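# Structural description and commentary
Okay, here's what each chain looks like letter by letter:
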Amino acid sequence: MKIVAVNASPRDKWNTANLVNEAAEGAKSAGAEVKVFNLYDLEKYTGCVSCFGCKLGKNTGKCIHKDGLTEILEEIRTSDGLIIGTPNYLSDVTASFRALYERLIFQYITYKVEPKSYNDRSIPVLMIMTSNVSEDFYPQIGYKATLEKYRQTFSNFIGPAKILISGDTLQVNDYDKFNWTLFDPVKKKERHETEFPKELKKAFEFGKDMAENRW
């Protein structure tokens, strides 16, 4: 079994990356081969360029635009599972996540009554979101609805999707340096030390379950 794990955060050693990597380790523990990508390390790429090449002839259902996302799109196409994580930026995903998401999903949209998707190979998806905001506030500020939109689209065009949230995260080690008076640095660090390890464990179990059961 091959699983693709994608970190869509510009930081490759912080909260989102650590959760993605832990999910990858969980999948490996169940015998899966995992290929990890850090989107911000790739060569230059864009979101969908609306060329509609994925709707024509032998390229039907396949993005033909060549850039830094070409390899990862092909890896996902031949994988048995997808793990993808993003921090919450301005109440949504990162631009990097969005670019991959556009290219991944749009290639499969048929614009036909039937079939609705060119993808005939369903694979499980785990979407991870980290945020400064606590998960408790997700319903009232719209984050829950945003995640549900992505979950449904992944489920419709890639395969059954699950969501893992890590809220109230530690953004930096030294809050005093930035004079961010909105936060309590002591509580942030305490939560990171007590709760974040539990979320890492959840990520590991999600990855393991994906590899073992292909939910």
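What comes next is a walk through the structure. (Residues numbered from 1 in each chain as written. Predicted model: local features only at pLDDT ≥ 70, side-chain atom pairs only at ≥ 80, totals over all residues. Heavy atoms only, no water.)

## Some thoughts on the overall build of the protein chain
Which entries qualify depends on this criterion: Secondary structure follows DSSP: runs of H or I at least 4 residues long count as helices, runs of E at least 2 residues long count as strands, and numbering of each begins at the N terminus. Atoms considered for the radius of gyration are the C-alpha atoms alone. The globule rule reads 2.2 Å times the number of residues to the power 0.38. For each residue, the accessible area found with a 1.4 Å probe, counting protein chains only, is set against the maximum for its type, and the residue is called buried under 20%, exposed over 50%, and partly exposed in between. Contacts: residue pairs with any heavy atoms within 4.5 Å of one another. Using a 1.4 Å probe, accessible areas were evaluated by the Shrake-Rupley method; residue-level cover was limited to the displayed protein chains. Asp and Glu count as negative and Lys and Arg as positive, but His and the ends of the chain are not part of the count. Working definition for charges: the position is that of NZ of Lys, CZ of Arg, CG of Asp or CD of Glu.
Helix and strand counts for the protein chain come out as seven helices and five strands. Counted from the first residue to the last, the protein chain has its helices and strands arranged as β-α-β-α-β-α-β-α-α-β-α-α. Taken against the 2.2 N^0.38 rule, which gives 17 Å for 215 residues, the C-alpha radius of gyration of the protein chain at 18 Å falls within 12% of a compact globule. Taking the principal axes of the C-alpha coordinates as reference, the protein chain spans close to 60 × 35 × 35 Å. Expressed as a percentage of its 215 residues, the buried residues of the protein chain come to 45%. Counting contacts in the protein chain only where the partners sit at least 6 residues apart, residues at least 24 apart contribute 77% of the total. Looking at the protein chain as shown, the accessible area adds up to about 11000 Å², and 51% of this sits on carbon and sulfur atoms. Of the side chains in the protein chain, 30 bear a positive and 29 a negative charge, and the two mean positions are spaced by 6 Å.

## Here's the deal with the pairing of strand 3 (residues 81-87)
So the rule is basically this: Criterion used throughout: strands pair if DSSP finds at least two bridges between them. By the criterion used throughout, a crossover qualifies as right-handed when its path from the first strand across the helix to the second strand runs clockwise, the strands pointing away from the viewer.
Of all seven residues making up strand 3, seven are buried, and the element is well covered by its neighbours. Where burial is concerned, the two faces of strand 3 agree: the one with Gly 81, Ile 83, Gly 85 and Pro 87 and the one with Leu 82, Ile 84 and Thr 86 are both buried. Here six bridges tie strand 3 to strand 4 (residues 125-130), and the two strands are oriented parallel to one another. Each residue of the ladder has a partner; that of Ile 84, found in strand 4, is Met 127. Between the parallel pair strand 3 and strand 4, the chain is carried across by helix 3 (residues 95-106), and the sense of this crossover is right-handed.

## Quick word on the state of the cysteines
Note the threshold: The rule for a disulfide is simple: a pair of cysteine sulfur atoms within 2.5 Å.
Going through the model one piece at a time under the given rule, you end up with zero disulfides. In this model Cys 51 remains outside any disulfide bridge; the closest cysteine sulfur is found in Cys 54, 6.4 Å from its own. No disulfide involves Cys 63; its sulfur sits 6.4 Å from that of Cys 51, the nearest cysteine.

## Digging into the pattern of salt bridges
Worth spelling out the cut-off: Salt bridge criterion: a side-chain nitrogen from Lys or Arg within 4 Å of a carboxyl oxygen from Asp or Glu.
The full count for this structure, using the stated rule, is 18 salt bridges. Of the charged contacts, one joins Arg 77 and Glu 74 as a salt bridge, the two residues approaching to 3.4 Å between their closest N and O atoms. Of this pair, Arg 77 and Glu 74 both sit in helix 2 (residues 70-77), three residues apart, roughly one helical turn. For Arg 77, a relative accessible area of 22% corresponds to the partly exposed category. Residue classification places Glu 74 among the partly exposed positions, given a relative accessible area of 33%. As a salt-bridge pair, Lys 162 and Asp 209 come within 3.7 Å of each other at their nearest N and O atoms. On the criterion of sequence distance, the pair formed by Lys 162 in strand 5 (residues 161-166) and Asp 209 in helix 7 (residues 196-213) is long-range, its members being 47 residues apart. Lys 162 gets classed as partly exposed once you look at its relative accessible area, which sits at 30%. Judged by its relative accessible area of 22%, Asp 209 falls in the partly exposed class. When salt bridges that share partners are traced, they join Lys 2, Lys 35, Glu 71 and Glu 75 into one network.

Interpretation note: all reported values are geometric properties and have no functional meaning in isolation.
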